[in-house]
Amino acid sequence: MKHLFLILIFPFLFACSSTKNSKTSKEYDESLQVAIDYLDRLNASEIAEDAQSYFIDGTVLQQKGKHADAIIDFKQALEIDSSAAILYSMSRSYLQLGRTKLAINSLVNSLKINEDFVPSIELIASIYVSVGDDNNAIPLLKRALDLDPTVMRTLDLGELYERVDPEKALSLYEELYQKYNSFEALRRMANLYDPESQTEDYLRVIEEYYLNNKSNSSAGLSLLEVYLENNKTDKILSLLDSVDKSIPSSELNDFYGRIGYEMIYDTTLDFSYEQTLQYLNKIDNRFYFDWRIQYQSGFIAGNIEEFELSSKYFNNTLKLLDTIPDIPLQMGLFFLNKQQNEFSEEIFGQAIELFPEDPRFYFFKGIAKFNLEKFNEAIVSFKSTIEIDKNFNDAFVQLGITYDQLGDFDKAIYYYEKSLELEPDDPLTNNNLAYSLSLQKRDLEEALEMSKKAVEAQPNNSAYLDTYGWILYLKGEYDQAVEYLEKAVISPGASAEVYEHLGDAYQKIGKKNKAKEAWKKALKLEPNREGLIEKITN
């Protein structure tokens, strides 16, 4: 509504001359024509001919911002003819001079002369709006609309209703859209509907708006947001079919990128396997130079276990983007988490070529190789990590674990000790070193102290409790060993080894039945575990 007054005065804002020069000047002639046109719109037949020259001169002065002089001419015109149009024009100059009461008085007098004079009705309404009195402005604007119905006037009335009665605004906009196919009315309806409590109405309006603006990417993106919010996966794919045909290819990235992001991070978005493949088929052989879409597609494909396809998209990403090390890092870690170690090894290998001084890639390549039981190759990768970063503690730990796996306990102990030089209180390293010592039955007091550190740091860790209990067992402290091993088997992640150790401890304190029960549980967890059947049957 605030633009009503601006609409009324817009024709007079331009083509002004700075001074009142000769009446034969080009500027004056142009201003005069504007005034004549304005006079025609106000119905010049209602103004007496003798008064028209004063009225035109007043309008030209008004156009130039000389409102006090304009008022003098308007008053001269009023002495000849009391016209609603003259009084209205004079009120506009009063408003520009900040004389609101005089302006209102002129407008009221104009309506006494012609109660249906729409410009005066609208200007009074705009004055009410300017002081925040929408309730008094509405009846006036409704009257103006009844007298002269236009789309803009209806929108102005709707804007007032939005503040005092949103339901009436919606009804007005709906009528306006149905009658005039006004897209602005449709847009305003979308803003008024609550997407959560009025989802269907909101969706209907947004869909209607898009159908009438298919070439407008903003309209399509607005509709996409509604579909994403309401998990309309079929409609999302249908919308992609539509925008593929109607939106310039340069703007399609926004659609595919937005959907791809939500498919990765929105766990409530329920795309089926078939729908996901359908989306990826739309990506295939397109968006060659958009690394973000290629990157997203790699995760999307991997999440439905299409790892060959995932690897293809990730490789495309690396061809496009070879300057941000965190990108291949995330891709490789994704494959590691999915237990796709060969793909992970490949990604980290490429990353090493791109970023040869980044130790993380050597380390995680080593992890992939370890998982593939390529232990000697893993050792090479972990040592390369340390060569670049001598404080990369996880590499020392992994070297200890890898040598443990190879049965080379002396080297395992060496690297665990190197790790503890960097992080003396690390629970994993303390536990692993303690267990390696226990396997060789050496330095058991020292091993017990390290194991105790690990248990104190993580008192519910089954592996740490098992190590502590087993060292107590080796020291002949069987009752205490049983106490910690019982805690180990009830902690999450208890392995067959833990149950076997508990059975061995039970046997030492004469609880043979409990021992067999523990060994049987170990056998159930690991049917091929060597020596268990013999323990159970003896």
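In the block above lies the structure referred to throughout.
Here's what I pulled together on the structure shown here. (Residues numbered from 1 in each chain as written. Predicted model: local features only at pLDDT ≥ 70, side-chain atom pairs only at ≥ 80, totals over all residues. Heavy atoms only, no water.)

## Observations regarding the overall build of the protein chain
Rule in force here: Only DSSP runs of H or I reaching four residues or more are called helices, and only runs of E reaching two or more are called strands; each is numbered from the N terminus. For this measure, only C-alpha atoms enter the radius of gyration; the expected value for a globule follows 2.2 Å times N^0.38, where N is the number of residues. The classification of residues rests on relative accessible area computed with a 1.4 Å probe and restricted to protein chains. Under 20% of the type maximum is buried, over 50% is exposed, and intermediate values are partly exposed. Every residue pair with non-hydrogen atoms within 4.5 Å of one another is taken to be in contact. Under the convention used here, a 1.4 Å probe and the Shrake-Rupley method define accessible areas, while residue burial counts only the protein chains that appear.
From N to C terminus, the protein chain includes 31 helices and 0 strands. What you see for the protein chain is a C-alpha radius of gyration of 41 Å, clearly larger than the 24 Å of a compact globule of 538 residues, by over 25%. Projected onto its principal axes, the C-alpha coordinates of the protein chain cover approximately 130 × 50 × 45 Å. The burial tally for the protein chain puts 49% of its 538 residues in the buried class. Within the protein chain, contacts between residues at least 6 apart in sequence are counted, and of these 51% link residues at least 24 apart. Carbon and sulfur atoms form 47% of the exposed surface of the protein chain, whose accessible area is close to 27,000 Å².

## A short note on the pattern of salt bridges
Under the convention used in this document: Basic side-chain nitrogens of Lys or Arg form a salt bridge, by our definition, when they fall within 4 Å of a carboxyl oxygen of Asp or Glu.
One pass over the full model with this rule turns up 29 salt bridges. For the salt bridge of Arg153 with Asp148, the shortest nitrogen-to-oxygen distance reads 3.2 Å. Given a relative accessible area of 11%, Arg153 falls into the buried group. Accessibility expressed as a relative area gives 35% for Asp148, which makes it partly exposed. A salt bridge links Asp443 to Arg442; the nearest nitrogen and oxygen atoms lie 3.5 Å apart. Of the residues examined, Asp443 reaches a relative accessible area of 40% and is grouped as partly exposed. Sharing partners across several salt bridges, the network here consists of Glu500, Asp504, Glu526, Arg529 and Lys535.

## Re the side chain of Lys369
So the rule is basically this: We call two N or O atoms a polar contact when they sit within 3.5 Å, provided that within protein one can donate a hydrogen and the other can accept it, with sequence-adjacent residues counted only if both atoms are side-chain atoms.
For Lys369, the location among the structural elements is in helix α21 (residues 359-371). Lys369 gets classed as buried once you look at its relative accessible area, which sits at 7%. Among the polar contacts listed, one links the side chain of Lys369 to the side chain of Glu345, at a separation of 2.5 Å.

## Quick notes on helix α16 (residues 273-283)
The line we're drawing: Here the arc refers to the set of directions running from the helix axis out to each C-beta atom.
Turning to α16, its buried residues are Gln275, Thr276, Tyr279, Leu280, Lys282 and Ile283. Each buried residue of α16 lies within a common arc of 155° when the element is viewed along its axis, so the set occupies one face. Exposed side chains of α16 directed beyond 90 degrees from the buried face belong to Glu274 and Asn281. The inward-facing, buried residues of α16 contact α14 (233-246), α15 (249-265), α17 (291-303) and α18 (307-320). Count one or two residues on from α16 and you reach Asn285, which has phi positive near 60°.

## Some remarks on the nonpolar core
The nonpolar side chains of soluble globular proteins are, as a tendency, buried together. Keep this limit in mind: Only buried Ala, Val, Leu, Ile, Met, Phe, Trp, Tyr and Cys residues count toward a nonpolar core, and they belong to the same one when joined by side-chain atoms within 4.5 Å.
Counting 63 residues, the largest nonpolar core has Phe361, Leu399, Leu433 and Leu502 as its most contacted members. When residues in this core are grouped by element, the largest group, 7 residues, is from helix α27 (residues 462-474). In contact with Phe361, other than residues within four places in its own chain, are Pro325, Pro328, Leu329, Phe348, Ala351, Ile352 and Phe355.

## Side note on the packing of α15 against α16
The cut-off we apply is this: Comment: axis = line fitted to C-alpha atoms, over the contacting stretch for helices; angle = value between 0 and 180 degrees taken between N-to-C directions. Crossing handedness: left-handed means the near helix sits turned counterclockwise from the far one by under a right angle, and right-handed means the same turn made clockwise. Charged means Asp, Glu, Lys or Arg here, nonpolar means Ala, Val, Leu, Ile, Met, Phe, Trp, Tyr, Cys or Pro, and polar covers whatever is left, Gly included.
Direction vectors running N to C along α15 and α16 enclose 145°, while the axes themselves pass 12 Å from each other. Two packed elements cross with a definite hand, and for α15 against α16 that hand is left-handed. Judged by residue contacts, Tyr256, Ile259, Gly260 and Met263 of α15 engage Thr276, Tyr279, Lys282 and Ile283 from α16. Classifying every residue of the contact of α15 with α16 gives 5 nonpolar, 2 polar and 1 charged.

## Brief notes about unusual backbone geometry
The phi torsion at Asn285 lies on the positive side, around 60°, for a residue other than glycine. Relative to the assigned elements, Asn285 resides in the loop between α16 and α17. Positive phi values are uncommon outside glycine, yet Gln339 reaches one of about 60°. With respect to the element layout, Gln339 can be found in the loop between α19 (326-337) and α20 (341-354).

## Focus on the packing of aromatic side chains
Under the convention used in this document: Working definition: a ring pair exists when centres of Phe, Tyr or Trp rings (six-membered ring for Trp) sit within 6.5 Å. Plane angles under 30 degrees give stacked, over 60 give edge-to-face, the rest tilted.
Enumeration according to the criterion identifies 28 aromatic pairs in this entry. Ring centres of Tyr256 and Phe287 lie 4.9 Å apart, and the angle between their planes is 50°; this geometry places the pair in the tilted category. Here Tyr256 is found in helix α15, whereas its partner Phe287 is found in the loop between α16 and α17, with 31 residues between them in sequence. Since its relative accessible area comes to 0%, Tyr256 is described here as buried. Residue classification places Phe287 among the buried positions, given a relative accessible area of 11%.

## Observations concerning the environment of Leu176
Examined against the element boundaries, Leu176 turns out to sit in helix α10 (residues 166-180). Given a relative accessible area of 3%, Leu176 falls into the buried group. Residues Leu176 and Thr154, spaced 22 residues apart in sequence, show a C-alpha to C-alpha distance of 7.5 Å. Leaving out residues up to four positions away in the same chain, Leu176 has contacts with Val151, Thr154, Leu155, Asn181, Ser182 and Ala185.

## Focus: a nonpolar patch on the surface
In plain terms, the rule: Here a patch means residues that are over 30% exposed by relative accessible area and free of salt bridges, tied together within 9 Å if like-charged and within 5 Å if nonpolar (Val, Leu, Ile, Met, Phe, Trp, Tyr).
Taken together, Tyr288, Phe289 and Leu320 make up a surface patch of nonpolar side chains, about 380 Å² in accessible area. On the secondary structure map, Phe289 appears in the loop between α16 and α17.

## Here we look at the side chain of Thr276
Its location among the elements puts Thr276 in helix α16. With residues near it in sequence (within four places) discarded, Thr276 still touches Met263, Phe271, Ile300 and Ile304.

## Focus on the environment of Ala144
Note on placement: Ala144 falls in helix α8 (residues 134-147). Classification of Ala144 by relative accessible area gives buried; the value is 0%. Each C-alpha atom, one on Ala144 and one on Gln96, is 23 Å from the other, the two residues being 48 residues apart in sequence. Ala144 has contacts with Val118, Ile121, Glu122 and Arg153, leaving out every residue within four places of it along the chain.

## Topic: helix α28 (residues 478-490)
Rules: Helices are assigned an expected span. That span is 1.5 Å times one less than the residue count.
Here α28 is 13 residues long and its end C-alpha atoms lie 18 Å apart, about the 18 Å a rise of 1.5 Å per residue gives. Those residues of α28 hidden inside the fold are in contact with α27 and α29 (496-508).

## Focus on the packing of helix α7 (residues 118-130) against α8
Which entries qualify depends on this criterion: Orientation is classified from the angle alone, with under 35 degrees giving roughly parallel, over 145 giving roughly antiparallel, 65 to 115 giving roughly perpendicular, and any other angle giving oblique.
Here α7 crosses α8 at 160°, and the two axes come no closer than 8 Å. On the basis of their axis angle, the class for α7 and α8 is roughly antiparallel. Between α7 and α8 the crossing geometry is left-handed. Contact with α7, carried on its side by Val118, Ile121, Glu122, Ile124, Ala125, Tyr128 and Val129, involves Asp134, Asn136, Ala137, Leu140, Leu141, Arg143, Ala144 and Leu147 of α8 and no other residues of that element. For the contact of α7 with α8, a count of residues per class yields 11 nonpolar, 1 polar and 3 charged.

Remember that the coordinates give geometry; whether it matters functionally is a separate question.
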